[in-house]
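Examination of the molecular architecture
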Amino acid sequence: MHDPALPAYVPFATEPLGLMGSLRAARTNLLSILPELAVRQPMVSGRTGIRWHMVMEPGAIRRVLLENVDNYPKSKATKNILRPAIGDSLFIAEDAHWRWQRRTAAPVFSHRNVQSLGPIMIAAAQRSADRIATSNGRAVDLMEEMVRTTFDVISDVTFSGEGSFDSDAVHRSIDAYIAAAGKVSILDMLGVPDWVPRPSRFTSGPVVAQMKQVADQAIVERRKRGASTVPDLLDMLLSGQDPETKRKMNTAELRDNLLTFIVAGHETTALTLAWSTYLCAFAPEVQDKARAEIADVTGGGPVKTEHVGDLSYLRMIVDEALRLYPPAGILSRTAKESDVLCGRDIHPGDTVMLPVYALHRHHDLWKNPNAFDPERFADRKAVDRYAYLPFGDGPRICIGASFAIQEAVLILATLLQRFRFDLVAGRPPEPVMILTLRPDTGVWLTATPV
């Protein structure tokens, strides 16, 4: 039974599921394959067609993500799901092909560039607040609203809001692709070779083609037109080059990375915001304290980009939402060579999972781990770096982390400044992970003007 004193969570498995049980669970909710041992032990190993290991010990995670990172490329299952949509872009490229793309794209997400995008984020938040205001006390699905809001942001920062880009078409295609491709294939779980066709690839093919066509067209038209007066994400990618090799991205590489940023840049932040508003409604005293901080920092005026650094309690709420509901609930790697983690032998070809959802609720790492407590992050230095991984870590840490945090803080502050959010009885969100950790039934809240 779910404890009503705790925010929504997925209970961990208390008995071995076996291959078919794991498959059934994974196709419904990947989190339900995580064993209770994963929040009490440093490492759990087993075999489901292939050998696998779940690693929750921060030192071992550091080895996987930083010290021996080249030995742990992203898993074949991850690549099988995402490569049809985003090619060998930053998210799944390896070795030298990844490194030159990362060097080329890194300046796009510099602190100065991210700050310059703040007004776009605030404008999207204000439009969202205006839409919410029309609810007149009716329940609003904050998940759906935040998806729309963050997609507005990524469309505007990527394409300067120009009419030639059909953002609705790309949005529909992304949702359709995630729905089709996110289902875990039994062939991947059994370790069947990549060349054997996966059913999800047939159903997702047409939407992927449409998505790529729209992005290709936008790139071609931008090349003809030239850069905007205030450069946007596409302008910066078009002008970017690897400082070491002077290589620039061709149209296909630009398109794949653009789609990566669009998919990752709206879905994950929308989830963070939806869960954050839910948690604020769940704990009204937290919401009140956040609203008081916003009033103090802004002086009662509108939220501005320069306020982000002073909204420390609001940032704690976002951090705690990312702890309880990390968008990437499980990271998966495949070992290339033999290694040792937590004193246990790792063989070439073994799947090494970093179950972030379990790590963030581990009893040895967090006090009262299932409770909502933003004050955990009052002293960020007290949090073990490898016990908290909403954006991964090491050289492959999410390139857009600062973009996402700034966007989440600005939008949440704008909404809390205008509304008090309350839970709707009988409509709790259900955390479900297929590709990302989503509230499966939405986040239904009432919004009362303040």
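As a reminder, the structure under discussion sits directly above these lines.
What counts and what doesn't
- Residues numbered from 1 in each chain as written.
- Predicted model: local features only at pLDDT ≥ 70, side-chain atom pairs only at ≥ 80, totals over all residues.
- Heavy atoms only, no water.
- Buried < 20%, exposed > 50% of the residue type's maximum accessible area, 1.4 Å probe, protein only.
- Helix = DSSP H or I, 4+ residues; strand = E, 2+ residues; numbered from the N terminus.
- Pairing = 2+ DSSP bridges.
- Axes fitted to C-alpha atoms, helices over the stretch in contact; angles between N-to-C directions.
- Contact = heavy atoms within 4.5 Å.
- Polar contact = N/O pair within 3.5 Å; in protein donor to acceptor, adjacent residues only side chain to side chain.
- Salt bridge = Lys/Arg side-chain N within 4 Å of Asp/Glu carboxyl O.

This part covers the pairing of strand β7 (residues 351–354). Burial along β7 is two-sided: Thr 351 and Met 353 and Val 352 and Leu 354, pointing in opposite directions, are all buried. Pairing of strand β4 (residues 331–334) with β7 involves four bridges; the strand directions are antiparallel. By the bridge assignment, Leu 331 is partnered in β7 with Leu 354.

The next subject is the sheet that holds strand β1 (residues 43–48). Strand-to-strand pairing in sheets goes through backbone hydrogen bonds, with the strands running parallel or antiparallel. One open sheet accounts for four strands, arranged β1-β2-β7-β4; its pairing is mixed. Of all strands in the sheet, those bounded by a partner on one side alone are β1 and β4. Ignoring which end each strand starts from, the neighbouring axes of this sheet average 25° apart. Taken strand by strand, helix α2 (residues 58–67) contacts β2 (50–55), β4 and β7, and its axis lies near 115° from that of β7.

Following the sequence through the fold, Asp 232 ends up in the loop between α10 (199–225) and α11 (233–239). Side-chain polar atoms of Asp 232 contact the backbone nitrogen of Asp 235, separated by 2.9 Å. Excluding residues within four positions of it along the chain, Asp 232 makes contact with Val 157, Thr 158, Phe 159, Ser 160 and Arg 222.

Attention shifts here to the sheet that holds strand β8 (residues 419–423). Reading across from one edge, β3-β11-β8 is the order of the three strands in this open sheet, with antiparallel pairing throughout. Two strands lie at the open edges of the sheet, namely β3 (140–141) and β8, each paired on one side alone. Lying over the sheet, helix α12 (residues 251–282) contacts β8 and β11 (444–449), oriented at roughly 80° with respect to β8.

Glancing now at the pairing of β2. Taken together, the six bridges between β1 and β2 define a ladder with antiparallel strand orientation. For Thr 48, the partnering residue across the bridge sits in β2 and is Ile 50. With three bridges joining them, β2 and β7 adopt parallel strand pairing. Bridge pairing in β7 places His 53 opposite Val 352.

Glancing now at unusual backbone geometry. Look at Asp 95: it is not a glycine, yet its phi comes out positive at around 55°. Position of Asp 95 relative to the elements: it lies in helix α4 (residues 95–105). Look at Asp 95 and you get partly exposed, because its relative accessible area is 38%.

A separate point is the side chain of His 266. Within the secondary structure layout, His 266 lies in helix α12. Side-chain polar atoms of His 266 contact the backbone oxygen of Ile 262, separated by 3.0 Å.

It is worth spelling out the pattern of salt bridges at this point. The full count for this structure, using the stated rule, is 26 salt bridges. A salt bridge links Arg 51 to Asp 350; the nearest nitrogen and oxygen atoms lie 2.9 Å apart. Separated by 299 residues along the polypeptide, Arg 51 in strand β2 and Asp 350 in the loop between β6 (344–346) and β7 bring together distant segments of the chain. Measuring nitrogen to oxygen at the nearest pair gives 3.0 Å for the salt bridge that ties Asp 319 to Arg 315. Separated by four residues within a single helix, Asp 319 and Arg 315 lie in helix α14 (residues 312–324), roughly one turn from each other. Through salt bridges with shared partners, one network takes in Asp 288, Arg 291, Arg 420 and Asp 422.

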